[in-house]
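Structure assessment
Here are the chains, one letter per residue:
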Amino acid sequence: MSDTATAVRPAEKPRRAASRPPVSREKARARRDARSAWVLLAPSLIILGVMVAYPAVLMVIQSFTDYTVRNKVQGTMPNFVGFENYLDLFTQSDFPAVLVRSLALMVVMTVFIMVFGVLIAVLMTRLGRAWRIVVSVGLLLAWAMPPLTATVVWGWIFDTQYGLVNWALNTITGTEDWTNHSWLLNPFSFFFVLTIIVVWQGVPFVAFTAYAGLGQVPAEVLEASSLDGANGWKRFWNIVFPYVRSVLTVVLVLQVIWNLRIFTQVYALQSRGGIASETNVLGTYLFRQGPGEVAFTAAIGVVMVVLLLVLSWGYVRTTLKEEEL
């Protein structure tokens, strides 16, 4: 009897292990995968916490105080002032005018970049291979040029004494009216030059992205629409646009964010003769604030972050919708 019992008992253990529920194995595997994912993400999360989260939280806290450099030097604690910095920002400073100027400039730049980018993408679909390569190389060179370098080059083109634009206008008009004409002294012409620079460097990204999206449109659908008598605009709006709408939406939101936070081009043009007080945008306005007024500058930073988060919400929502599909 005892021999039979001992012979049966070892056979029972494998059966119990084999009869383990599949749900338990799936849960154990999910826990292992979760632990592995967190281990892999830990270095990035630590870097983001040190480089982004901590400064952001500190900026928000300082915006509700009267913190200055004197507090840092003397080692004293600042006083809590509530929303006083935000009230002063919108009532006793140039920030409202700078905000309106930045938003208007962002809208103009974004419209030009999107329109020209899509038009060039459509043009590239109609060009032969050789010309398409030439256009792609030209776009890539404009896109790859650093913003500061591009601003310096365009600054020389619109230079007061040796600028190519002034020389060309004098040649066309046959006069010397454009000699020593400053394009950066007047705010309107300053933003005209700035728009050219930003649009010139922003179009390639939209063109390449839209061109890639246009490759998703089935050729047989376009051929069928042509046979039905649809013209170019109807084909694009009713057939092509629905295929590339998600791509253009993401590009549009990115352009809005990028054009609202431009800094290098504005600061470089201001250094070449622009009047800072009349041409400041959000980035340069924040940079030019007194280094001692830490709390006031922090309030500007908080408003800019909130504004960018509101504008980027469309991008996040579009991305989540695409992942659900």
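None of these values were measured; they are calculated from a predicted model.

Things to note about helix α8 (residues 164-173)
Those residues of α8 that fall on the buried side of the exposure criterion are V165, N166 and N170. Along α8, the residues classed as buried sweep out an arc of 135° about the axis, all on the same side. For α8, the exposed residues lying more than 90 degrees away from the buried face are W167, T171 and I172. As for α8, its buried residues are in contact with α7 (147-157). Where α8 ends, the next residue or the one after it, G174, has phi of about 70°, a positive value.

Re the pattern of salt bridges
Applying the stated rule across the entire model yields two salt bridges. Put simply, R29 and E26 hold a salt bridge, and the shortest N to O gap is 3.0 Å. Separated by three residues within a single helix, R29 and E26 lie in helix α2 (residues 22-62), roughly one turn from each other. Overall, the relative accessible area of 35% leaves R29 in the partly exposed class. Owing to a relative accessible area of 48%, E26 belongs among the partly exposed residues under this scheme. We note a salt bridge from R272 to D159, for which the minimum N-O separation is 3.5 Å. Of this pair, R272 sits in the loop between α12 (264-271) and α13 (276-279) while D159 sits in the loop between α7 and α8, placing them 113 residues apart in sequence. A relative accessible area of 15% means that D159 is categorised as buried.

Observations concerning the nonpolar core
Within the largest apolar cluster, 35 residues are counted, with the highest numbers of intra-cluster contacts made by L105, V193, L194, I262 and L269. Those elements that provide at least two residues to this core are α5 (95-126), α9 (187-214), α11 (232-260) and α12. Counting residues per element, this core draws most heavily on α9, at 12 residues. In this structure, L269 is in contact with T151, L184, F190, V193, L194, I197 and G274, ignoring residues within four places of it in sequence. Ranked by size, the runner-up nonpolar core spans 16 residues in total, among them F95, V256, L260 and I300.

Reading the values: the criteria
Numbering of residues starts from 1 in every chain and runs along the sequence as written. The model is predicted, so local features are restricted to residues of pLDDT at least 70 and side-chain atom pairs to those at 80 or more, both for listing and for counting; the totals for chains, interfaces and linings are taken over all residues. With hydrogens and water excluded, all non-hydrogen atoms of the structure serve as input to the side-chain values. A 1.4 Å probe rolled over the protein chains alone gives each residue an accessible area, and that area as a share of the maximum for its type sets the label: buried under 20%, exposed over 50%, partly exposed in between. Numbering goes from the N terminus for both helices and strands, where a helix is a DSSP run of H or I of at least four residues and a strand is a run of E of at least two. What the arc describes is the spread of directions from the helix axis to the C-beta atoms. By the convention used here, residues are in contact when the closest approach between their heavy atoms is within 4.5 Å. By convention in these notes, a salt bridge is any Lys or Arg side-chain nitrogen within 4 Å of a carboxyl oxygen on Asp or Glu. Remark: nonpolar core denotes a set of buried residues (Ala, Val, Leu, Ile, Met, Phe, Trp, Tyr, Cys) joined through side-chain atoms within 4.5 Å.

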